[in-house]
Amino acid sequence: LLVSSMVGKDRIIFATKEDHETPSSAELVADDPDDPYEEQGLILPNGDINWNCPCLGGMASGPCGEQFKSAFSCFHYSTEEIKGSDCVDQFRAMQECMQK
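By convention here, each chain's residues receive numbers from 1 onward along its written sequence. Two thresholds apply to this predicted model, a pLDDT of at least 70 for residue-level local features and 80 or more for giving and counting side-chain atom pairs, whereas whole-chain, interface and lining totals are computed over all residues. Only hydrogens and water are set aside when side-chain values are computed; all heavy atoms of the structure are taken into account.

S.K.: Whenever I open this one, the pattern of salt bridges confuses me. Can you help?
M.R.: A pair can form between side chains of opposite charge whenever their charged atoms are brought close. When a carboxyl oxygen of Asp or Glu lies within 4 Å of a side-chain nitrogen of Lys or Arg, that pair is called a salt bridge. Applying the stated criterion across every chain, the model contains 1 salt bridge. Linking R92 and D89 is a salt bridge whose minimum nitrogen-to-oxygen distance equals 3.4 Å. In this pair, R92 and D89 are both assigned in helix 3 (residues 88-99), 3 residues apart and thus about one turn of the helix distant. Buried means the residue's accessible area, taken with a 1.4 Å probe over protein chains only, is under 20% of the maximum for its type, while exposed means over 50%, and partly exposed covers the values in between. Of the residues examined, R92 reaches a relative accessible area of 42% and is grouped as partly exposed. Labels follow the DSSP assignment, with helices taken as runs of H or I lasting at least four residues and strands as runs of E lasting at least two, numbered in each case from the N terminus.

Structure below.
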């Protein structure tokens, strides 16, 4: 049984024993040693956000990517005493997008 999320909905796929008897055709892609984002983590050495970090789980490029980037950037660069307290509008816009 496999459950995958699809824009707010779940899709259930039932796999049979026969489905699992067939060898996988998945191929591994070699890492690009020249990729400037490889193993950089969420924050790049210069302090910028690494939007290509796998740790973001595709949020930055999903259907609400722009709203996510705006809210996350605001929080990351916030200098308020209560970090991110100046980002309420951006997080609200992101939440509204995700609810749609």
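There is more to say, and it comes next.
S.K.: Looking at this model, I keep getting lost on the state of the cysteines. Mind explaining?
M.R.: Where two cysteines share a covalent bond between their sulfur atoms, that bond is called a disulfide. Only a pair of cysteine sulfur atoms within 2.5 Å qualifies as a disulfide here. The final tally for this structure, using the stated rule, is 3 disulfides. The disulfide bridge from C64 ends at C97, spanning 1.9 Å between sulfur atoms. Disulfide C64-C97: torsion about the S-S bond near -90°, hence left-handed. Here C97 lies in helix 3 and C64 lies in the loop between helix 1 (17-21) and helix 2 (65-77), a separation of 33 residues in the sequence. Assessed through its relative accessible area of 10%, C64 is described here as buried. For C97, a relative accessible area of 17% corresponds to the buried category.

S.K.: When you look at the packing of aromatic side chains in this model, what are you seeing that I'm missing?
M.R.: Any two aromatic rings considered together are summarised by their centre-to-centre distance and by the angle between their planes. Two rings belonging to Phe, Tyr or Trp (six-membered ring only in the last case) form a pair when the distance between their centres is within 6.5 Å. Interplanar angles under 30 degrees mark stacking, angles over 60 mark edge-to-face geometry, and anything in between is tilted. One pass over the structure, following the stated rule, counts 3 aromatic pairs. Between W51 and F68 the ring centres are 6.3 Å apart and the planes differ by 75°, which places this aromatic pair in the edge-to-face class. In this pair, W51 is assigned in the loop between helix 1 and helix 2 and F68 in helix 2, connecting sequence segments 17 residues apart. Residue classification places W51 among the partly exposed positions, given a relative accessible area of 26%. For F68, a relative accessible area of 10% corresponds to the buried category.

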